[in-house]
Structures are given as structure tokens and as C-alpha cells.
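Notes for the structure review
This is what each chain is made of:
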Amino acid sequence: MNPAGPNYPTASLYVGDLHPEVTEAMLFEKFSTAGPIVSIRVCRDIASRRSLGYAYVNFQQPADAERALDTMNFDAIKGRPIRIMWSQRDPTLRRSGLGNVFIKNLDKSIDNKAMYDTFSAFGNILSCKVATDENGENRGYGFVHFETEEAAQKAIQKVNKMLLNGRQVYVGKFIPRRERSSGTGDHARKYTNVYIKNFAVEMSEEDLYALCETFGKILSLKIMTDMEGNSRGFGFVSFESHEGANACVEELNGQETNGRQLFAGRAQKKSERSAELRARFEAIRQERNNRFQGVNLYIKNLDDDIDDERLRKEFARFGNITSAKVMKNDKEVSRGFGFVCFSSQEEATKAVTEMNNRIISVKPLYVALAQRKEVRQAQLATQYMRMNIPYRVPGQQMGQVYPGFNTYYQTIPPQRNIYAGQLAQVRNPRWPGSQARPTGQPGFQAMSGAPRQFGGPSQIRAPIPRSVPVPTGGPSGRVAGVPGVPGGPAMRANAAQRPAYSKFPPAAAPTTRAEEAQEVAPQAVHVPGQLPLTAQMLASAPPLEQKQMLGERLFSIIQQTHGDVAGKITGMLLEMDNAELLHMLESAESLKAKISEALSVLAVHQQKEQKKPAAAAPAQLGQ
């Protein structure tokens, strides 16, 4: 009997190496002969419900579990031997590595049971496993976990370099993968396997052996070949001692042989080499990011005719430019964005301040500091969360613009005469049927239903004519002071937007109304001939209507001084951000500066258009 029984009173067994089709019913039929069973569970994938290849069997008595472990270990179920061990809920013993032994160079005929029988003479075995491939074939190495470290050391002393089925095996202490791949242990400092590459494909294994035998005794040598047997230009040489391998690396690395410079170094596993290359490339990338932090600018909304030289020329006045690049697709067509790198952060900051929203060709530029992809994605995710969770109003359409946020919107294509007296045909009138729409004024959407809020408790209400007194909450349902006008749905909805005046004394209602009007009034933009525009009104409108509301007011201002080109200038300005347009409506100086830039761009464009017919005239005569 296994003496480890008293150490595992839970009577729970781990059953591994199960066939994928093994079920709880099959295991119950197998293990119930050893004694009464409390439960059986085959562990499965949570998504596909496929078996993970192991299960837990819980007996009522520890003696029954011990009997099953001694009599059923390595029995076959559906043609595959099972591996049984005591269930260890505490992973400390497994992770410590105490008593764990690694065996390699095993014969293909050795299986789990044969290795268990070989090593069980040195002490109690907790787990024994021979590594196999996907076809169940022996991979030539395995593991034995003893209950004590003394038993593991005894097995290493007795079995290491012994012959098992005619092959000399290696038995040593198990080293965890994280220590093996770190490259800092004795196995890294005292290597014996050398990797050599970049030699001529004509070199044979005999030539490579003759090149390396002067450094020490060679145990094995192999040149890697392709499917047709041709050399791939690299191979491995295994020396008997570390001194010979080290001498080979120091002598051959960088040596010229047949016109080729050889590379020789310690042979590494693929995982170790990949980790080393990742660390090296990450260090290079981090150094490059630190070097260009704060000096590399990202420019978008570039016109198609802007190339590298034009981009450099536009930004050259701000300082020394180390590089300027307009990104292109595979057809060498501009993708509309590029990068400019300055030599100092002060120059880059000045360029961002001066060039952002400046019109080049016919488009306003967007200029900002370049960011790494992961940083930009994190900022966009944060911005998306802020816009959609805390600030979203119930019933609001997706894509609406909130002032103060950089939101993508679909711009209205510039049209020459969209503002020249044709605004009445763009939208259906939104004014009540009983009121006459003022001539020449753009449409205004009355706020109905629940009021929209932004940034504070103040509410936006539809304007009330001065001739109609504010109702004081009388029970008649009619508007006070206007006889014969019933309190219909429109008036009730309008009244629902106002505070319930019945809760306050009649004398306090006009005072509250005036205070609220004073709070709202400073936020409104007043344009002669137009209705007042506030940030809340702009936020409550769909994206296309937001542009139209801003454009109507810009056109009215620009038409007073530049009537003939007011439509063109307005169309150019509408490509800018809504927050910037609202700022221009509030600041006459900012609007004047942007109009001047637009006029200069139009002048350059007109000069180009005047030159084109003159250049095309000889071609027409030749036809």
C-alpha cells in the first residue's frame, strides 16, 4: 500500500491523461470497484464544454482512495493509460520544485508505468509523467515528483548516466521555465552547444567539423537543410566541455570564411531568443519615443497637392526641422496627414499654437503633438466613455456635439449659394402654424418635451412673446390675460418645461423667471436678424443642423462686409470645429482674422484659375 495515505485524508484523487471522450459515468464505473464514491467531476472548457483531459474523484474513505491509486494507476480507459495522483489543493508544493526530477534521453518504448516502476524504489512518488506529442508518441523526456527532496537526490545519484533500454539517460534537478529562459544561470554561463550561421551553402558537415574540431572534442554536429536536402546556411555544434564551446564562439564569431562573415554564439531556444529580441526592440522603441517626445507634430486635413517640400516650407519659419513627411498610399496619393519633427520642444509648441486651424490651400489644418498608438487609443476610449455615459441625455441621438469636446462630425460640403436666400427650402418650417415665420430669418427649432441640460441646472425654453403674461398656475387651464385661448398640448408642454409656479407665491414667480433669464442671457450669441444661439441649443440639434445654425449666423455677419464672396468664405469656415465657430461668433477679432485668411486663400485660388485658360490655349490651337 502507498504510505502516503495518511498525509491526504481528504480522499480526493486527481486523474489525468484522459481521453477526450471519457465521461463521469465511465470513471464511476471504473473507480466504484475500489469503494463508495462521493462525487466525480470531469473538468471542461467553459465555452466549448470539451474535456480538458483531467478529472477529480472523491471517495468517502481515504483508504478506498489509496486502494484505487495503488491498483488502478496507468490502467487504460478508451485505449489511453490514465495517471492518478493525490489531489493537492495547495499549489505551494508543486511551485516550490522540491523533490521534482527531470529525465531526458529516454527510449521511445518507455512509458509512464515503466518510469514509475524504475523510480519508485527511491521513495514515494507523487506524480510521474513522460512527455508525449499530439499523437501520443514519447518525446524522450519526462518528470518524476517525489514526496521528499532526499528521495529526489537519491534518484539523481543512482540513475544519472545509467542505461535504460540501451540508452544513457540524464537525471537532474528540475529547473522551472522562467529560470531556464532567463539566460542568467549556470546553463547560460557554461553552455556547450554553439549556433553558427552565414556560411556558404556549399559547406558540408565534414568541412564544418574540420573548422571546429580544433577548439575541443565534438559530441555532435548538424547542418540544417530544407525539404530538398540543400543547406540553409546555419547549423549547430555540440562540444564536450564549455571551454571548447566558448573558444569556438570567440574565434569564429566575425571571422571571414569563403568571403562570408560568420556568426557564432550560444545556441538558444526559440522562446529565449524571442524574449531577448522583444526586450531589445522595446528598448530601441522606448529610446526613439523619448528622443522625439514633444518635438514630433501630427498634421492632418492636408490638401492633396501638398507634398513633403510644401509641408516643410509652411513650418520652416518656426525653427529647425529635422524631418517632414506626408503619408501616401501604395499609389503615391496623399492620405491627408503627415508629420513634422522639430529640433526642440519650444519650436514644436510654437508651431502647434500658430498653425492649428490655419487655412493652407483650401483647408484648415489640425496640428497637435504626435502620440503613440496605444496612448491615442486610451485617450479616445476615455473620451468616448466621458461622452456617452456621464453626459448622454435620455432620448438624445448618437453623434451630437457637446461644446468642449473634440467630436468627429460630418461636415457640409461648401456650396457657393446655399446661404443666398435659399435657406427656406432646406428644411420644413418648425414655427407653429398660428405664427407667421419672419421673412429672411432661418428656421429655428422650438425646444419641446423634456428640457435638455448641459453643464448646469439652467434650462433653455422656447421664447414667450412679451404680450403674453407668465401664467401663475391657475386651475382653469387657460393662459392668463388671453381670453379664449385654451391650454392645449403645445401650451401644456411649454408649461411643463417651466418650474411649477403653483409651489411658489405669485409674487415670487416673476423674480425667479428674471433670475433664470439673467443666467441664460450671457450664454447666448446675438446676431442682428437672427434668433439668439446658445451652446445648449447647439448641442440639442443633430450634427448637420448644428452646422447650418452656425452657418446662418456667420453668413449674416460676413455678408455685411463681403457680400459677393460671403457664401464661399462661410463654406470654408464651416470645415472648422463647432467650438471654434462658436468662439468666432462671440469674438469679432477672431472672426475677422479667419475671414482675412480665407480671403487670401481665395485670392491665390483665383490667380491659379486665371492662369489655367492661358496655358491651355496653345493646346486648343494645335488641335
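Residues numbered from 1 in each chain as written. Predicted model: local features only at pLDDT ≥ 70, side-chain atom pairs only at ≥ 80, totals over all residues. Heavy atoms only, no water.

1. Quick word on the overall build of the protein
Along the backbone of the protein there are 20 helices and 24 strands. Residue burial in the protein is summarised as follows: out of 623 residues, 37% are buried. In the protein, 62% of the contacts between residues at least 6 apart in sequence involve partners at least 24 apart. For the protein, the exposed surface amounts to about 37,400 Å²; the carbon and sulfur share of it is 52%. (Helix = DSSP H or I, 4+ residues; strand = E, 2+ residues; numbered from the N terminus. Buried < 20%, exposed > 50% of the residue type's maximum accessible area, 1.4 Å probe, protein only. Contact = heavy atoms within 4.5 Å. Areas by Shrake-Rupley, 256 points an atom, 1.4 Å probe, with all protein chains shown as cover.)

2. Side note on the sheet that holds strand β8 (residues 125-132)
Ordered in space as β8-β9-β7-β12, the four strands form an open sheet in which the pairing is antiparallel. Of all the strands in the sheet, just β8 and β12 (170-173) have a single pairing partner and so form its edges. Neighbour-to-neighbour, the strand axes of this sheet turn through a mean angle of 20°, independent of strand direction. With five bridges connecting them, strand β7 (residues 100-104) and strand β9 (residues 138-146) associate as antiparallel partners. By the bridge assignment, Asn100 is partnered in β9 with His145. Along the sheet face, helix α4 (residues 112-119) touches β7, β8, β9 and β12 and points at about 140° away from the line of β8. Packing of helix α5 (residues 149-159) onto the sheet brings it into contact with β7, β9 and β12, and relative to β12 it is tilted by some 150°. (Pairing = 2+ DSSP bridges. Axes fitted to C-alpha atoms, helices over the stretch in contact; angles between N-to-C directions.)

3. Details of the nonpolar core
Counting residues in each nonpolar core, the largest one holds 29 residues, and the members touching the most others are Leu533, Leu550, Leu554, Ile558, Ile569, Leu573 and Leu581. When residues of this core are traced back to their parent elements, those giving at least two are α16 (535-540), α17 (543-559), α18 (566-573), α19 (578-586) and α20 (588-622). Residue contacts for Leu573: discarding those within four places in its chain leaves Ile558, Leu581, Leu591 and Lys594. In this structure, Ala34, Met72, Ile77 and Ile84 belong to the second largest nonpolar core, which totals 22 residues. (Core = buried A, V, L, I, M, F, W, Y, C linked by side-chain atoms within 4.5 Å.)

4. Observations regarding unusual backbone geometry
For Asn165, which is not glycine, the phi torsion reads 55° and is therefore positive. Here Asn165 is to be found in the loop between β10 (163-164) and β11 (167-168). The phi torsion at Asn357 lies on the positive side, around 70°, for a residue other than glycine. Accessibility expressed as a relative area gives 18% for Asn357, which makes it buried.

5. Considering a nonpolar patch on the surface
Among the surface-exposed residues, Leu277, Phe281 and Ile284 lie close enough to one another that they form a single nonpolar patch of about 270 Å² accessible area. Structurally, Leu277 can be placed in helix α10 (residues 270-291). Owing to a relative accessible area of 32%, Leu277 belongs among the partly exposed residues under this scheme. (Patch = residues over 30% accessible without salt bridge, like charges linked within 9 Å, V, L, I, M, F, W, Y side chains within 5 Å. Salt bridge = Lys/Arg side-chain N within 4 Å of Asp/Glu carboxyl O.)

6. Here's the deal with the pattern of salt bridges
Counted according to the given criterion, the structure contains 13 salt bridges. The partner of Glu24 in a salt bridge is Arg44, with the nearest N and O atoms 3.6 Å apart. Taken together, the residues span a long stretch of sequence, with Glu24 in helix α1 (residues 24-31) and Arg44 in strand β2 (residues 37-44) at a distance of 20 residues. Through salt bridges with shared partners, one network takes in Asp17, Arg83 and Lys129.

7. Description of the environment of Ala588
Topologically, Ala588 is positioned in helix α20. For the pair Ala588 and Ile557, spaced 31 residues apart in sequence, the C-alpha separation works out to 9.8 Å.

8. Details of the sheet that holds strand β18 (residues 263-266)
An order of β14-β15-β13-β18 is seen for the four strands of this open sheet, with the pairing classed as antiparallel. Edge positions in the sheet fall to β14 (218-225) and β18, since each has one partner strand and no second. When strand polarity is set aside, the average angle formed by the axes of neighbouring strands in this sheet is 20°. For strand β13 (residues 193-197) and strand β15 (residues 231-239), the ladder comprises five bridges, and the chain directions are antiparallel. Considered in β15, the bridge of Asn193 is made with Ser238. Contacts between helix α8 (residues 205-212) and the sheet are confined to β13, β14 and β15, with β14 contributing the most and set at about 140° to the helix.

9. Details of the packing of aromatic side chains
All chains considered together, the criterion is met by 19 aromatic pairs. Geometrically, the ring pair formed by Phe102 and Phe143 is tilted, given 5.6 Å between the ring centres and 45° between the ring planes. With Phe102 in strand β7 and Phe143 in strand β9, this residue pair connects regions lying 41 residues apart in the sequence. Summarising the aromatic geometry, the rings of Tyr141 and Phe143 are spaced 6.0 Å apart at their centres and angled 90° between planes, so their arrangement reads as edge-to-face. Judged by its relative accessible area of 25%, Tyr141 is partly exposed. Taking relative accessible area as the criterion, Phe143 reaches 27% and is therefore assigned partly exposed. The aromatic ring of Tyr170 is capped on one face by Lys104, whose charged end is 5.2 Å from the ring centroid. Residue placement shows Lys197 over the ring face of Phe263; its charged tip is 5.2 Å from the ring centre. (Phe/Tyr/Trp six-rings, centres within 6.5 Å; stacked < 30°, edge-to-face > 60°. Lys NZ or Arg CZ within 6 Å of the ring centre and 35° of its normal.)

10. Brief notes about a negative patch on the surface
Taken together, the side chains of Asp304, Asp305, Asp307 and Glu309 make up a negatively charged region of the molecular surface. Tracing the backbone shows Glu309 in helix α11 (residues 308-315). (Lys, Arg positive; Asp, Glu negative; His and termini not counted. Charge placed at Lys NZ, Arg CZ, Asp CG, Glu CD.)

11. Observations regarding the confidence of the model for the protein
Mean pLDDT over the protein stands at 75; residues scoring 70 or higher make up 72%. Confidence over residues 389-522 falls short of pLDDT 50; this stretch has 139 contacts with residues more than four positions distant or in other chains. (pLDDT = per-residue confidence, 0-100.)

12. What about the packing of α17 against α18?
Following both chains from N to C, one finds α17 and α18 inclined at 140°, their axes separated by 9 Å at the closest point. Between α17 and α18, the interaxial angle falls into the category oblique. In the packing of α17 onto α18, the handedness of the crossing is right-handed. Side by side, α17 and α18 meet where Gly551, Leu554, Phe555, Ile558 and Gln559 of the first sit next to Ala566, Gly567, Ile569, Thr570 and Leu573 of the second. Here the residues of the contact of α17 with α18 sort into six nonpolar, four polar and no charged. (Parallel < 35°, antiparallel > 145°, perpendicular 65-115°, else oblique. Left-handed = near helix turned anticlockwise from the far one by under 90°. Nonpolar A, V, L, I, M, F, W, Y, C, P; charged D, E, K, R; others polar.)

13. What to know about the packing of α17 against α19
In contact at an axis separation of 11 Å, α17 and α19 are set at 30° when each is read in the N-to-C sense. Between α17 and α19, the angle falls in the class roughly parallel. As for the relative orientation of α17 and α19, their crossing is left-handed in sense. Of the residues in α19, those touching α17 at Gln546, Lys547, Leu550, Arg553, Leu554 and Ile557 are Asn578, Leu581, Leu582 and Leu585. Taken together, the residues of the contact of α17 with α19 sort by class into six nonpolar, two polar and two charged.

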